[in-house]
Each structure stands twice: as C-alpha cells, then as structure tokens.
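For reference, the chains in residue letters:
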Amino acid sequence: EGRHNETKARVAVKVLHPDVAKDPVAVERFKREADTARELAHPNVVQIIDFGQTPDGSYFMTMEYLEGEELGQVLRRDGKLSPERIVRVLSQMASALGHAHSFGVIHRDLKPDNVFLCRSPEGDVVRILDFGSVKLQMEMGPKLTAFGTTLGSPYYMSPEQAMGKQDVDQRTDVFACAAILYEMLTGKVGFDAPNVAQILVK
C-alpha cells in the first residue's frame, strides 16, 4: 500500500521480486500486464496508474487500491455462492472479457484468484487482475512462453491450452469462465485429480 506522490490517492504497489527480474520473460510479462490493463480502461479491469523502475532497478507498477477479497478466497471459505451473487459476478466478468476480446486481448489465466470482489453498497464490484499471461492476437512480438512453462491454472485451463497449443483464441477465456461458474454453483472444481497431469487429461 502507498500514496501517489501528486494526487495523494491510496494505491497498491506491485514490485517484481529480484530473483524473478533476472528472467527476461518474466520482466516482459510484467510489462505486458501493465500495458494491457492500462490500454483496456474498463470499470471491471483493475486500473494501472504507473509503471517504472526504482532507483535500484526493480520494476514496479502502481494500481488502484482495492478493498475486498479475491473470489478464490470467498470460494475456499464459503463454498458455493447464491444464484443472485453468481449472476452479478459473472455478468461483470463477461463484460470485462468482452471488452478485452474486442481489442483482440485474451487473458489466458482466468481463475478465481484473478477475480477481485470489491465491496460496495450495491454488492460485489468485480476487477479482473493479472493480464501478465495475455496474448495479443494482432501482434507478432516476442513469445511469452518458455520451455517448461505452462500458462494458465490447470483447473480452469481450456483443452486447447492443456494440449499446449499456442494459437488459442477468446474461447479459452470462455471455457475458464464456465469452469469458474461451475465452481460458484457447486462449490467444487469441475475437473480434479491428485496431480496437474491428470487434471489436464480430464
């Protein structure tokens, strides 16, 4: 938590760990997360305020300070949600992703821990977090995958991601939304197994 130098607004500061910063792919993903979220400018996508380097060379970004909790935390504590709450959360997720997809942006790592629920008098206000795994369909920039690296969380990963295909499209986010919807309705993940490989096979 911090304060913006000029506006004095409360902000969240995210700093790339020095060990992670040694990996150029991780640095590029961090930059991509900041650039993509800033360009999308949607009420259900976390607002990025600034990005840069500290005097010691660490990469950082500042974001709007959110009060509430991750959907993943809610599900782990409460299990399934009420139908009314599910409709409110899912509709805002869909609005954010529909907006991102209209720009050719695919999240690729949508999971309950990347869906933040802000408190408000009207109920949950969703912010989608972590566009670091994002794929821009229209660009031909550096690939943000490396040998041995899998983008996405196995419980919410689409079949095409599980097969290691690089050219996934918007449907991979739709699949993740459906997997999250299933978990919100039942309190259980749709595909479970003792290890990642067996989850992906399912």
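The model shown is predicted, which means the values in this text are computed figures rather than measured ones. (Residues numbered from 1 in each chain as written. Predicted model: local features only at pLDDT ≥ 70, side-chain atom pairs only at ≥ 80, totals over all residues. Heavy atoms only, no water.)

**Student:** Outline empty space enclosed by the protein, supporting the account with residue identities and numerical values.
**Tutor:** Vacant regions in the atomic arrangement are exposed by a probe of water-molecule size rolled over the atoms. Within this structure, the stated rule accounts for one cavity of 30 Å³ or more. There is about 50 Å³ of room inside the largest cavity. Arg 108, Asp 109, Leu 110, Tyr 156 and Gln 161 are, among the 11 residues lining the largest cavity, the residues nearest its centre. Top contributing element to the lining of the largest cavity by residue count: helix α6 (residues 171–186), with three residues. (1 Å grid on protein atoms, 1.4 Å probe; cavity = no way out; pocket = protein on both sides within 12 Å on 5 of 7 lines; lining within 4 Å. Points joined across faces, edges and corners; volume = space filled by probe spheres on them. Helix = DSSP H or I, 4+ residues; strand = E, 2+ residues; numbered from the N terminus.)

**Student:** Give me the pairing of strand β8 (residues 125–128): which residues, what numbers.
**Tutor:** In the sheet, strand β7 (residues 115–118) pairs with β8 via four bridges, with the strands oriented antiparallel. Within β8, the residue paired with Phe 116 across the bridge is Arg 127. The turn linking β7 back onto β8 is made up of six residues, and Gly 123 within it adopts a positive phi angle of 125°. (Pairing = 2+ DSSP bridges.)

**Student:** Can you explain unusual backbone geometry? Please cite residues and give values.
**Tutor:** As a rule of thumb, non-glycine residues mostly have phi less than zero, and peptide bonds are mostly trans rather than cis. Residues other than glycine seldom take positive phi values, yet Lys 8 does so here, at roughly 65°. Here Lys 8 lies in the loop between β1 (2–3) and β2 (10–15). At Ala 41, a position not held by glycine, the phi torsion is positive, near 45°. Its location among the elements puts Ala 41 in the loop between α2 (24–40) and β3 (48–53). A relative accessible area of 62% places Ala 41 in the exposed class. (Buried < 20%, exposed > 50% of the residue type's maximum accessible area, 1.4 Å probe, protein only.)

**Student:** I'd like a description of the pattern of salt bridges, backed by residues and values.
**Tutor:** In this structure the tally under the stated criterion is 13 salt bridges. With a closest N to O distance of 2.5 Å, Arg 85 and Asp 124 form a salt bridge. Of this pair, Arg 85 sits in helix α4 (residues 83–102) while Asp 124 sits in the loop between β7 and β8, and the two are 39 residues apart along the sequence. Judged by relative accessible area, which is 26%, Arg 85 ranks as partly exposed. Through salt bridges with shared partners, a single network forms among Glu 1, Arg 10 and Glu 67. (Salt bridge = Lys/Arg side-chain N within 4 Å of Asp/Glu carboxyl O.)

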